[in-house]
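This is what each chain is made of:
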Amino acid sequence: MAVHSFLLNAMTVPVLLQEETKHGNWNFCWGRHCKNADTIITQGATQSNHVRQTAAICSKLDLRCEILLEHRTGSEDPDYLENGNVLLDRLFGANILSVPAGTDMDAAMEETAAEIRKNGGNPYIIPGGGSSPTGALGYVNCAMELVGQANDRSLRIDHLVTATGSAGTQAGLLAGLEGTRSGIPVLGICVNADKETQEGKVFALAEKTAEFLGIPGSIKRESVVANGDYVGPGYGLSTDGMIEAVQLLAREEGILLDPVYSGKGMAGLIDLVRKGKYRKDENIVFLHTGGSAGLFAYRKTFTA
Ligand SMILES: Cc1ncc(COP(=O)(O)O)c(C=O)c1O
């Protein structure tokens, strides 16, 4: 089997559009409406990669960053609570508010925003995972780059496989692949939900993203496919398949996956290959979505 690598710029750049205004402020744009925000608020699970990326770009743009971390896994392991992405959040200078599992995170972000406004600030809320039509544009770009690079090397892509959680990744890919009329099917390996729930979530966001792109009604429900068989005991909780996939990629390819998303995504792909889902002559692209900083929060999982 041939292994082809694509390095996709779109995935390494958060979709934050900014320009310096006449007044020297950052005119911060997220979504259709530009706002003169001075503070960004976002949320995620304790070891969220999205949150860490947001904290990084905020430090670059000199924006205050308020992050709300939901203690979703219940892990009391000090590495989970303070290492990995949390360490980086702190390094980037973000202000962290930790809240218990089950907190209404959108309401909690609104409360934080109200508090900041009361003190004269101008906050802007980015939804969890950046999974809004604007956030999904990062993966629309990614789809376009992927198709472009594959065309340049005359490589036919038969399947695209990736992890799917808050839905922005898969929704953006679907919209981008539809927009380029590539015909490449996408399989999302779920990291927290069952197949039906995930497909519903991805479809709703893919439709909105397509509308945002000016191609309304272009996403077919049947093109939204997720597999919920590899979640294991729950979001952020380890599975044997994930551990095997992370170790295999590290030892055979020198590639670091992450324990929560790409590790479970790759575990799904490995199992489906073993079960004969794909023909030997098919080209499968696994989209590595990053997140290796999360490995340091799972030290015991890999050293036990
Ligand atoms: C490394 C990594 N891969 C995949 C995903 C899943 O993407 P999405 O939440 O857009 O479905 C995430 C989500 O944060 C992630 O951090």
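Summary of the structure given here. (Residues numbered from 1 in each chain as written. Predicted model: local features only at pLDDT ≥ 70, side-chain atom pairs only at ≥ 80, totals over all residues. Heavy atoms only, no water.)

1. A short note on the site of the ligand
- Around the ligand, the structure places 13 residues, and the nearest of them are Gly165, Ser166, Ala167, Thr169 and Thr289.
- Separating an oxygen atom of the ligand from a side-chain N or O atom of Thr169 is a distance of 2.8 Å.
- Here a nitrogen atom of the ligand sits 2.6 Å away from a polar atom, N or O, in the side chain of Thr289.
- When the ligand sits alone it has 390 Å² of accessible area, and the protein chains cover 92% of it.
- When the residues that make up the shell around the ligand are grouped by side-chain class, the tally is two nonpolar, 10 polar and one charged. (Near = heavy atom within 4 Å. Polar contact = N/O pair within 3.5 Å; in protein donor to acceptor, adjacent residues only side chain to side chain. Areas by Shrake-Rupley, 256 points an atom, 1.4 Å probe, with all protein chains shown as cover. Nonpolar A, V, L, I, M, F, W, Y, C, P; charged D, E, K, R; others polar.)

2. Topic: the packing of aromatic side chains
- What the rule picks out here adds up to two aromatic pairs.
- Between the aromatic rings of Tyr80 and Tyr298, the centroid separation amounts to 5.8 Å while the plane-to-plane angle is 85°, which identifies the pairing as edge-to-face. With Tyr80 in helix H2 (residues 78–82) and Tyr298 in the loop between strand E11 (284–286) and helix H10 (299–303), this pair connects stretches of sequence that are 218 residues apart.
- Residue Tyr80 is classed as buried on the basis of its relative accessible area of 3%.
- Relative to Tyr261, the ring of Tyr235 has its centre 6.0 Å away and its plane inclined at 70°; by these criteria the two rings are edge-to-face. Taken together, the residues span a long stretch of sequence, with Tyr235 in the loop between strand E10 (225–227) and helix H8 (240–253) and Tyr261 in the loop between H8 and helix H9 (262–274) at a distance of 26 residues.
- Here Arg72 stacks its cationic end above the ring of Tyr235, 4.4 Å away from the centre of that ring.
- Over the ring of Phe203 we find Arg221, and its NZ or CZ is 6.0 Å from the ring centre. (Phe/Tyr/Trp six-rings, centres within 6.5 Å; stacked < 30°, edge-to-face > 60°. Helix = DSSP H or I, 4+ residues; strand = E, 2+ residues; numbered from the N terminus. Buried < 20%, exposed > 50% of the residue type's maximum accessible area, 1.4 Å probe, protein only. Lys NZ or Arg CZ within 6 Å of the ring centre and 35° of its normal.)

3. A word on the nonpolar core
- Formed by 27 residues in total, the largest nonpolar core has its most connected members in Leu160, Leu173, Leu177 and Ile219.
- At seven residues, the largest contribution of residues to this core is made by helix H5 (residues 133–152).
- For Leu173, the residues in contact, after removing those within four places along its chain, are Tyr139, Cys142, Ala143, Leu160, Thr162, Val186 and Leu287.
- With 18 residues, the next largest nonpolar core counts Ile189, Ala245, Ala267 and Ile270 among its residues. (Core = buried A, V, L, I, M, F, W, Y, C linked by side-chain atoms within 4.5 Å. Contact = heavy atoms within 4.5 Å.)

4. Things to note about the pairing of strand E9 (residues 186–190)
- In terms of burial, E9 is a largely internal element, five of the five residues being buried.
- Both faces of E9 are covered, namely the face carrying Val186, Gly188 and Cys190 and the face carrying Leu187 and Ile189.
- As paired strands, strand E8 (residues 159–164) and E9 are joined by five bridges and run parallel to one another. Among the inter-strand pairings, Ala163 is bridged to a residue of E9, identified as Ile189.
- In this view, the connection linking E8 to its parallel neighbour E9 by way of helix H6 (residues 168–179) has right-handed handedness.
- Relative to E10, E9 is paired through three bridges, and the arrangement is parallel. Within the sheet, the bridge partner assigned to Ile189 lies in E10 and is Asn227.
- Note that the unit made of E9, helix H7 (residues 195–213) and E10 has a crossover that is right-handed. (Pairing = 2+ DSSP bridges. Right-handed = clockwise from strand over helix to strand, strands pointing away.)

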